[in-house]
Amino acid sequence: MKIILNQDVNNLGEEGDVVTVRDGYGRNYLLPTKAAMPYTPGNLAIVKARAAAIEKRKEEKRAASASMKEKLEGMTITLVVSAGESGKLFGSVTSQMVQDALAKQGVTIERKKLEVPTHAIKMTGKYEVRVHLYESDFSIISLLVKSEAELKAEKKAAEEAAAKAAAEAAKAEEAVEEAPKAEEAAPAAEEQPAEN
């Protein structure tokens, strides 16, 4: 069955495209949901008349995709999950969890546009999530999966390092304060007459 798309349909085409689909898919889904219209000379003329408006919408989508790509470049998401000592997760990290983490950072992306490696991550570590934007455009996000135990250990190490740095700073400050006192004491010792 030959149809003309009224809107973008994933894995099929964009608004205004003429595509061939199976009869059942066209009759039972695309036509009733108004996602497409039958391929007829009259409908083709309607689409050609709207070609400028369709192209303008495509340009807007390309621009939005480019700005989203800039926003996502170099972004790192950290997810803290329950895991065993070996790093194996109690459960898995899914695209829904990645979508929620992105939403917390102010980025709204459809879950079906997120490509999580192996569809579900089951170990702690660093991963790359591919985000499909518009047409063949995509972006890569770094995903850091940590266990709660790793996070506690990192916090403890950071606190110890901060305490050590504070102690060293206090020692250095104390040494700076002691230096003038030592200099004052040295001339006083020289002024006293030596006893025979």
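So, here's what we can say about the structure.

Conventions and cut-offs
Residues numbered from 1 in each chain as written. Predicted model: local features only at pLDDT ≥ 70, side-chain atom pairs only at ≥ 80, totals over all residues. Heavy atoms only, no water. Helix = DSSP H or I, 4+ residues; strand = E, 2+ residues; numbered from the N terminus. Buried < 20%, exposed > 50% of the residue type's maximum accessible area, 1.4 Å probe, protein only. Arc of directions from axis to C-beta. Contact = heavy atoms within 4.5 Å. Salt bridge = Lys/Arg side-chain N within 4 Å of Asp/Glu carboxyl O. Pairing = 2+ DSSP bridges. Axes fitted to C-alpha atoms, helices over the stretch in contact; angles between N-to-C directions. Polar contact = N/O pair within 3.5 Å; in protein donor to acceptor, adjacent residues only side chain to side chain. Core = buried A, V, L, I, M, F, W, Y, C linked by side-chain atoms within 4.5 Å.

### A word on the environment of Lys 112
Part 1 of the reasoning: For Lys 112, the position within the fold is in the loop between helix 4 (95-104) and strand 6 (114-115).
Part 2 of the reasoning: Along the backbone, Lys 112 and Asn 10 are 102 residues apart, and their C-alpha atoms lie at a distance of 9.6 Å.

### Here's the deal with helix 4
Part 1 of the reasoning: Turning to helix 4, its buried residues are Ser 95, Val 98, Ala 101 and Leu 102. Within helix 4, the buried residues cover an arc of 120 degrees as seen down the axis, which keeps them to one side.
Part 2 of the reasoning: Along its buried surface, helix 4 packs onto helix 3 (51-72), strand 4 (76-81), strand 5 (88-93), strand 6, strand 8 (125-132) and strand 9 (138-147).

### Section: helix 2 (residues 41-49)
Part 1 of the reasoning: Turning to helix 2, its buried residues number three or more, namely Asn 43, Leu 44 and Val 47. Buried residues of helix 2, seen end-on, are gathered within an arc of 100 degrees and therefore sit on one face of the element. For helix 2, the exposed residues lying more than 90 degrees away from the buried face are Pro 41, Lys 48 and Ala 49.
Part 2 of the reasoning: Lining the buried residues of helix 2 we find strand 1 (2-5), strand 2 (18-20), strand 3 (36-38) and helix 3.

### Quick notes on the pattern of salt bridges
Part 1 of the reasoning: Counted according to the given criterion, the structure contains five salt bridges.
Part 2 of the reasoning: The shortest N-O distance in the salt bridge between Lys 61 and Asp 8 comes to 2.5 Å. Taken together, the positions of Lys 61 in helix 3 and Asp 8 in the loop between strand 1 and strand 2 put the pair 53 residues apart, joining distant regions of the chain.
Part 3 of the reasoning: In this structure Asp 8 comes out as partly exposed when scored by relative accessible area, which is 33%.
Part 4 of the reasoning: A salt bridge links Glu 14 to Lys 58, with the nearest nitrogen and oxygen atoms 3.3 Å apart.

### Details of the sheet that holds strand 4
Part 1 of the reasoning: In spatial order, the strands read 4-9-8-6; together these four strands make up an open sheet with mixed pairing. Where the open sheet ends on each side, the last strands, each with one partner, are strand 4 and strand 6.
Part 2 of the reasoning: Pairing geometry for strand 4 and strand 9, over six bridges, is parallel. Its bridge partner lying in strand 9, Val 80 is registered against Lys 146.
Part 3 of the reasoning: Across the sheet, helix 3 touches strand 8 and strand 9, and the angle it forms with strand 9 is around 35 degrees.

### Section: the side chain of Glu 14
Part 1 of the reasoning: Within the element layout of this structure, Glu 14 appears in the loop between strand 1 and strand 2.
Part 2 of the reasoning: Using a relative accessible area of 16% as the deciding quantity, one classes Glu 14 as buried.
Part 3 of the reasoning: A distance of 3.3 Å separates the side chain of Glu 14 from the side chain of Lys 58, its partner in a polar contact.
Part 4 of the reasoning: Among all residues touching Glu 14, those that are not within four sequence positions of it are Leu 5, Gln 7, Asp 8, Lys 58, Tyr 134 and Glu 135.

### What about the nonpolar core?
Part 1 of the reasoning: By size, the foremost hydrophobic cluster in this structure holds 23 residues, and its most contacted members are Leu 72, Ile 77, Val 93, Val 98, Leu 102, Ile 109 and Leu 143.
Part 2 of the reasoning: Every residue in contact with Ile 77, bar those within four places of it in the chain, is listed here: Val 98, Ala 101, Leu 102, Gln 105, Ile 141, Ser 142, Leu 143 and Leu 144.
Part 3 of the reasoning: With eight residues, the next largest nonpolar core counts Val 19, Val 21, Leu 30 and Ala 36 among its residues.

### Concerning the pairing of strand 9
Part 1 of the reasoning: Where strand 8 and strand 9 come together, eight bridges link them in antiparallel fashion. Along strand 9, the bridge assignment pairs Val 129 with Ile 141.

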